[in-house]
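The primary structure of each chain is shown beneath.
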Amino acid sequence: MSRYEVDKFLRQIIMDQNAFSAYKEDPQLFLKDRALADTERKAVLELDFPTLYSLGVHPFLLNGYMGLMSKGDRGAVQSEFRKKIAAFGYPDFST
Amino acid sequence: VANVVEIIGITHSPNMGRMLSEPNPESAIRKSAEDYERMRVKMAEAKPDVLVVIASDHLNQFFMDNMPAFLIGKAPLAEGPFPHEIRQHGLASYRTRVEVEMAKDMLRLAPDFGVDFSFSDEFRIDHAFTIPLGFIRPEMDLPIIPIFTNVMAPPIPTAKRFYDVGRMIRSIIEALPINARVGVLASGHMATELGGPKNSRYSADPEFDRRMIQLIGEGEAEEVVQEATWDRLLHAGNNTLGFLNFVLLLGVAGAAVPSAVGLHFPEQKAAVPFMAWDVNQKGAAA
């Protein structure tokens, strides 16, 4: 299951500052050898948080990722995100 | 013999420290601070020799590459939280000894009581442990036995299983071949949501929170177990599974009516619960 690979990547950059720096430096390279599905890779690289949510990425990790990657008004980003995912309900996030 | 002398459950919300130290706190926060201080005093007055601490891990120490449902930590030292948690939330550190021999005895006895714990000889404790310990035992002078539960990565054990494991933990403690006064501390929370469609700055489901605390207050453990299904917890808020540690605590308390229980609703934070059972305080356990 590639959902596991997305969760694993998110956890790594949330916990490890060096990994986070390397990812910011070159996101495509950082993800190159990871077994993400094309839809997942695209959503990660485009910071498409709602799509990641709909794919069942772990919400706790996704929340951490949004915190790391969002610039500016965090409240506004969260509010926009909540509106966009309302229709998805609670997708299965098991791996 | 080992006796349980006090049983306490409080939240591990990482906002708690900051919230309680605000200069002009709203009433709900002031009352939360008073009640958490009452919980600290209760545990102190019970004079425990050791604390069994039931808490979760937020995919920090344990991840889906190797996910235990219930695990006893038996490394000599428990220390936390994780550096990224300190960076994100400005959390205080906590560091204390683990009562390794007692942890080993619990592991050895557990299968006879119906639970096969995983174990770990190398771990960090995250904010689920350090925040409640910081409130209840700020001196960091008591050894602990950390019991980790999986409330993060599905499939998560059922409420019935959490409750039963709580009952088993009580029996295991009382079967230990040592003299000790044991305090039990559980770390959980009420309806919360993170990274989901509900606003995470408030209780994600006040109705759930009130209902569950009312049932706990009435000693209606079986009703709590019946109502705390996967679907109900998830729809109360996607991070509400942490409530299951309180369900486990109900098992430790043997479905008794608590000595103290309550819930506060700060305006822009998750609900703040507390529950305590005073046990055997006059007994000659030590």
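Residues numbered from 1 in each chain as written. Chains lettered and ligands numbered in written order. Predicted model: local features only at pLDDT ≥ 70, side-chain atom pairs only at ≥ 80, totals over all residues. Heavy atoms only, no water.

**Q** Which residues make up the overall build of chain B, and what values go with them?
**A** Helix and strand counts for chain B stand at 10 helices and 10 strands. C-alpha extents for chain B along the principal axes are approximately 50 × 40 × 40 Å. Taken over 286 residues, chain B has a buried fraction of 61%. Sequence-distant contacts in chain B: of pairs separated by 6 or more residues, those separated by 24 or more amount to 82%. (Helix = DSSP H or I, 4+ residues; strand = E, 2+ residues; numbered from the N terminus. Buried < 20%, exposed > 50% of the residue type's maximum accessible area, 1.4 Å probe, protein only. Contact = heavy atoms within 4.5 Å.)

**Q** Report on the nonpolar core, specifying residues and quantitative values.
**A** Within the largest apolar cluster, 95 residues are counted, with the highest numbers of intra-cluster contacts made by Tyr65(A), Phe117(B), Ile173(B), Val184(B) and Phe243(B). No other element matches helix 6 (residues 159-174) of chain B, which puts 8 residues into this core. Apart from the residues within four sequence positions on either side, Phe117(B) is in contact with Phe70(B), Leu71(B), Ile72(B), Leu107(B), Ala110(B), Ile147(B), Val165(B), Ile169(B) and Ile172(B). With 35 residues, the next largest nonpolar core counts Ile8(B), Met39(B), Met43(B) and Phe274(B) among its residues. (Core = buried A, V, L, I, M, F, W, Y, C linked by side-chain atoms within 4.5 Å.)

**Q** Give a detailed account of the packing of helix 2 (residues 17-25) of chain A against helix 6 (residues 59-69) of chain A, specifying residues and quantitative values.
**A** Residues and elements named next belong to chain A. Direction vectors running N to C along helix 2 and helix 6 enclose 65°, while the axes themselves pass 13 Å from each other. Our pair here, helix 2 against helix 6, has a crossing hand that is right-handed. Every residue of helix 6 that contacts helix 2 at Phe20, Tyr23 and Lys24 is listed here: Tyr65, Leu68 and Met69. Taken together, the residues of the contact of helix 2 with helix 6 break down into 5 nonpolar, no polar and 1 charged. (Axes fitted to C-alpha atoms, helices over the stretch in contact; angles between N-to-C directions. Left-handed = near helix turned anticlockwise from the far one by under 90°. Nonpolar A, V, L, I, M, F, W, Y, C, P; charged D, E, K, R; others polar.)

**Q** Describe in detail the environment of Arg201(B), supporting the description with residues and values.
**A** Residue and element names in this part refer to chain B. For Arg201, the location among the structural elements is in the loop between strand 8 (180-188) and helix 7 (206-217). Along the primary structure Arg201 and Pro266 are separated by 65 residues, whereas in three dimensions their C-alpha atoms are 9.8 Å apart. Beyond its immediate chain neighbours, meaning those up to four positions away, Arg201 contacts Gln268, Lys269 and Ala270. Within the structure, Arg201 has its side chain in polar contact with the side chain of Gln268 (distance 2.3 Å). (Polar contact = N/O pair within 3.5 Å; in protein donor to acceptor, adjacent residues only side chain to side chain.)

**Q** Lay out the packing of aromatic side chains in plain terms, naming residues and giving numbers.
**A** By the definition in use, this model includes 15 aromatic pairs over all chains. Between Tyr4(A) and Phe63(B), the ring centres sit 5.7 Å apart and the planes meet at 35°, which makes this aromatic pair tilted. With one member in each of two chains, Tyr4(A) in helix 1 (residues 2-15) and Phe63(B) in the loop between strand 2 (50-56) and strand 3 (70-73) form a pair that bridges those chains. With respect to burial, Tyr4(A) and Phe63(B) carry one shared label: buried. Summarising the aromatic geometry, the rings of Tyr36(B) and Phe135(B) are spaced 5.3 Å apart at their centres and angled 90° between planes, so their arrangement reads as edge-to-face. Placement of the pair is Tyr36(B) in helix 2 (residues 27-45) and Phe135(B) in helix 5 (residues 127-136), with a sequence separation of 99 residues. Among the aromatic residues, ring-to-ring pairing joins Phe9(A), Tyr23(A), Phe30(A), Phe49(A) and Tyr65(A) into one connected group. (Phe/Tyr/Trp six-rings, centres within 6.5 Å; stacked < 30°, edge-to-face > 60°.)

**Q** Before we move on, can you summarise the interface of chain B and chain A with the specific residues and values?
**A** Size of an interface: often given as the accessible area lost when the parts come together. Contact with chain B, which involves 27 residues of that partner, is made by 23 residues of chain A. Its largest share of buried area at the contact with chain A, chain B owes to Phe63(B), Gly195(B) and Pro197(B), together 26% of the area lost on that side. Applying the counting rule to chain B against chain A returns 0 salt bridges. If you look at where chain B meets chain A, you find 5 residue pairs in polar contact (both at pLDDT 80 or more). Those elements that place two or more of their residues in the side of chain B that touches chain A are helix 3 (83-89) and helix 9 (230-236) of chain B. Considering only residue class, the side of chain B that touches chain A consists of 10 nonpolar, 13 polar and 4 charged. (Buried area = accessible area lost by both parts, 1.4 Å probe. Salt bridge = Lys/Arg side-chain N within 4 Å of Asp/Glu carboxyl O.)

**Q** How would you sum up helix 5 of chain B? Please name residues and give values.
**A** All names here are of chain B. The element helix 5 is extensively covered by neighbouring structure, given that 9 of its 10 residues are classed as buried. All of the buried residues in helix 5 are His127, Ala128, Phe129, Thr130, Ile131, Pro132, Leu133, Phe135 and Ile136. The N-cap residue of helix 5 is Asp126: its side-chain oxygen and the backbone nitrogen of Ala128 are 2.9 Å apart.

**Q** Run through the pattern of salt bridges, naming residues and quoting values.
**A** Residues and elements named next belong to chain B. Following the criterion strictly, the structure yields 19 salt bridges over all chains and no others. Measuring nitrogen to oxygen at the nearest pair gives 2.7 Å for the salt bridge that ties Arg170 to Glu174. Pair noted here: Arg170 and Glu174 are both in helix 6, with a separation of 4 residues, about one helical turn. We classify Glu174 as partly exposed; its relative accessible area is 36%. Residue Arg211 is joined to Glu227 by a salt bridge in which the shortest nitrogen-to-oxygen separation is 2.6 Å. With Arg211 in helix 7 and Glu227 in helix 8 (residues 221-227), this pair connects stretches of sequence that are 16 residues apart. Residue class for Glu227 comes out partly exposed when judged on its relative accessible area of 22%.

**Q** Describe the pairing of strand 4 (residues 77-80) of chain B, listing the residues and the values that go with them.
**A** Residue and element names in this part refer to chain B. Side chains Ala78 and Gly80 project from strand 4 onto a buried face, and the interleaved Leu77 and Glu79 project onto a face without burial. Where strand 4 and strand 5 (residues 94-97) come together, 4 bridges link them in antiparallel fashion. In the sheet register, Leu77 faces strand 5, and the bridge partner there is Arg97. (Pairing = 2+ DSSP bridges.)

**Q** Explain the sheet that holds strand 9 (residues 260-264) of chain B residue by residue, including any values.
**A** Residue and element names in this part refer to chain B. Ordered in space as 6-3-7-2-8-1-10-9, the 8 strands form an open sheet in which the pairing is mixed. Here the strands that pair on one side only, and so sit at the sheet edges, are strand 6 (118-120) and strand 9. Along the sheet, successive strands turn relative to each other by an average axial angle of 20°, direction set aside. Here helix 2 sits on the sheet in contact with strand 1 (2-11), strand 2, strand 8, strand 9 and strand 10 (272-278), set at roughly 25° to strand 10.

Any functional reading would require information that these geometric values do not contain.
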